[in-house]
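# Working through the structure, step by step
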Amino acid sequence: MVEPRTRNIRIECLRYAPGVDAAPRMQAWDVPFTDDMSVLQGLQYIKDHLDGSVTFRWSCRMAVCGSCGMQINGIPKLACETFLREYMPAGIRVEPLAHFPIVRDLVIDQSDFLAKLESVRPYLIPAVPRTLAEGPYRQTPGEMDAYYQYSQCINCALCYAACPQYGMNAKFTGPAALALLHRYNADSRDAGKAQRMEIINAEDGVWGCTLVGYCSEVCPKGVDPARAVNQNKIESTKDYFRHLLMPRGSGSR
Amino acid sequence: MSAPHTYTRPIAGWWRRNPFYRAYIVREMTCVAVIAYALELLVGLARLAQGPEAFETWLARLARPWAIVLNCVALLLIAFHAWTWFEVMPKTLPFINVGGRRVPDRAIVAAGAIAAVLASLLVLFAFLYR
């Protein structure tokens with residue numbers, strides 16, 4: 001068996017210790033790696049062999065849990081599916097996800113993000129709830145296709161790190177939460193659209209988006225948040241005129 | 001639980017950090033050419049309302065070399081601006097299915113761009129053979 005080739009790569013990492021550092025600083029190490037090693041494994045090498053105090057989040061190591069999102073050379077990526085070999089010989093710079101408050105080193109405070117996900121009523125709101133005896137809801141492949149892509153979100157928050165509008169105005173509901181909202185609105189089993197319209201119509205709802213489009217670009221799961229947000233601008237406009245013409249009519253607002 | 005002591009980095013200069021953001025800013029900035037051309041047409045309309053003499057003076061001013069150069073530059077910027085909006089057009093639409101198959105995004109972009117080119121040619125021919 002041939003021994004895998006080992007090389008060294010320079011990994012520069014943002015460090016911030018709350019209560020100790022007034023502002024973040026950068027620290028760099030030369031890390032031995034093989035071609036099959038991810039950026040996450042590079043960080044784990046640092047933590048195990050060079051500096052045990054380096055702090056970062058990770059869990060599944062296979063782009064499912066959404067924990068290890070970070071800025072890699074300035075681009076929001078999952079560290080587990082980004083390979084060190086791609087960054088030779090220049091080296092690599094890792095920083096916590098942009099636009100979020102830094103808790104420590106690469107760990108960001110996601111409380112605002114999680115609150116937004118919760119705020120969009122992310123569950124089926126059926127018109128008439130089915131009883132157990134009536135069996136499961138049925139759906140055609142076409143009906144499933146209408147929302148499936150939006151249901152693939154892993155809540156990694158890369159899209160928020162990609163969104164300058166969120167960076168400038170943290171009140172903006174943001175790409176993942178609005179994509180999640182649309183995932184339920186687009187579901188044939190759901191009748192909760194009227195309840196979610198208020199979130200869509202709000203100043204910090206879909207209208208907080210200026211279609212930069214980078215959210216869809218960085219998504220590791222092929223979700224298209226920009227599409228969810230921007231097609232709901234049309235829904236919001238239709239809703240506005242519907243209420244202008246029929247103030248007492250059905251619908252929401 | 002008390003709120004964690006955190007550090008938030010400044011956002012200033014964000015659009016210089018990434019080629020994608022720079023392209024977005026170029027897209028947004030080219031709208032200045034659209035505004036400038038709209039104002040130029042508006043002035044023309046006002047001159048037309050003032051009478052044939054005023055309108056002829058306005059036309060003569062536009063026929064000067066630097067005005068032609070500026071208008072050509074504006075045309076290029078507006079064409080680029082229009083193209084960028086056709087590029088993002090699929091993002092504003094729900095999925096469209098024809099014969100049980102989803103229409104690909106590039107077909108939507110191409111349809112929009114082709115429609116714009118045909119409409120522009122129609123206007124050009126109507127002007128040339130009026």
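Small disclaimer: the values here were computed from a predicted structure and weren't measured. (Residues numbered from 1 in each chain as written. Chains lettered and ligands numbered in written order. Predicted model: local features only at pLDDT ≥ 70, side-chain atom pairs only at ≥ 80, totals over all residues. Heavy atoms only, no water.)

## Notes on helix 1 (residues 19-29) of chain B
Those residues of helix 1 of chain B not exposed but buried are Tyr21(B), Tyr24(B) and Arg27(B). The buried residues of helix 1 of chain B occupy one face: seen down the axis, they fall within an arc of 115°. Helix 1 of chain B presents Pro19(B) and Met29(B) as exposed residues on the side facing more than 90 degrees away from its buried surface. Contact partners of the buried residues in helix 1 of chain B: helix 4 (158-162), helix 5 (164-168) and helix 8 (214-218) of chain A together with helix 2 (31-50) and helix 4 (65-88) of chain B. (Buried < 20%, exposed > 50% of the residue type's maximum accessible area, 1.4 Å probe, protein only. Helix = DSSP H or I, 4+ residues; strand = E, 2+ residues; numbered from the N terminus. Arc of directions from axis to C-beta. Contact = heavy atoms within 4.5 Å.)

## A few points about the sheet that holds strand 2 (residues 25-33) of chain A
Residues and elements named next belong to chain A. The strand order across the open sheet built from five strands is 2-1-5-3-4, with neighbouring strands paired in mixed fashion. Looking along the sheet, the strands with just one partner apiece sit at the ends: strand 2 and strand 4 (75-78). Taking the axes of each pair of neighbouring strands and ignoring which way they run, one obtains an average angle of 35° across the sheet. Of the strand pairs in this sheet, strand 3 (residues 69-72) and strand 4 are connected by four bridges, and their pairing is antiparallel. Looking at the pairing, Met70 lines up with Lys77 of strand 4. (Pairing = 2+ DSSP bridges. Axes fitted to C-alpha atoms, helices over the stretch in contact; angles between N-to-C directions.)

## A short note on the interface of chain B and chain A
The partner chain A presents 43 residues to the 24 residues of chain B that form the contact. Taking both partners together, chain B and chain A bury about 2600 Å²; carbon and sulfur atoms supply 57% of that area. Three residues, Tyr7(B), Arg9(B) and Lys91(B), lead the burial of chain B against chain A; their summed loss comes to 27% of the area buried on that side. Where chain B meets chain A, there are four salt bridges. In this structure, Lys91(B) and Asp224(A) form a salt bridge, with 3.0 Å as the shortest nitrogen-oxygen distance. The biggest single contributor to the side of chain B that touches chain A is helix 1 of chain B, with four residues. (Buried area = accessible area lost by both parts, 1.4 Å probe. Salt bridge = Lys/Arg side-chain N within 4 Å of Asp/Glu carboxyl O.)

## Points about helix 1 (residues 39-50) of chain A
Residues and elements named next belong to chain A. When the terminal C-alpha atoms of helix 1 are compared, their 15 Å separation across 12 residues agrees well with the 16 Å that a helix rising 1.5 Å per residue should span. Among all positions in helix 1, only Val39, Leu40, Gly42, Leu43, Gln44 and Ile46 are buried. Packing partners of the buried residues in helix 1 comprise strand 1 (7-15), strand 2, strand 3 and strand 5 (92-95). (Expected span 1.5 Å × (residues − 1).)

## Digging into unusual backbone geometry
Residue and element names in this part refer to chain A. Met88 connects to Pro89 through a cis peptide bond whose omega is 0°. Counting through the fold element by element, Pro89 comes out in the loop between strand 4 and strand 5. Not every positive phi belongs to a glycine, and Asn155 is a case in point at roughly 55°. Here Asn155 is to be found in the loop between helix 3 (141-148) and helix 4. The backbone of Ala157 shows a phi angle near 70°, a positive value even though the residue is not glycine. Its location among the elements puts Ala157 in the loop between helix 3 and helix 4.

## Here's the deal with the domain arrangement of chain B
Assigned domains within chain B: domain 1 (10-77) and domain 2 (88-130). Taken over C-alpha atoms, the centre of domain 1 of chain B sits 24 Å from the centre of domain 2 of chain B. (Domains from an automatic or database assignment.)

## With respect to the pattern of salt bridges
Enumeration over the complete set of coordinates arrives at 20 salt bridges over all chains. Asp239(A) is the partner of Arg242(A) in a salt bridge, and the nearest nitrogen-oxygen pair spans 3.5 Å. Here Arg242(A) and its partner Asp239(A) are both found in helix 9 (residues 225-245), three residues apart, which amounts to about one turn of the helix. A relative accessible area of 2% means that Asp239(A) is categorised as buried. The partner of Arg27(B) in a salt bridge is Glu28(B), and the shortest N-O contact between them spans 3.0 Å. With a relative accessible area of 5%, Arg27(B) lands in the buried category. With relative accessibility at 28%, the residue Glu28(B) sits in the partly exposed group.

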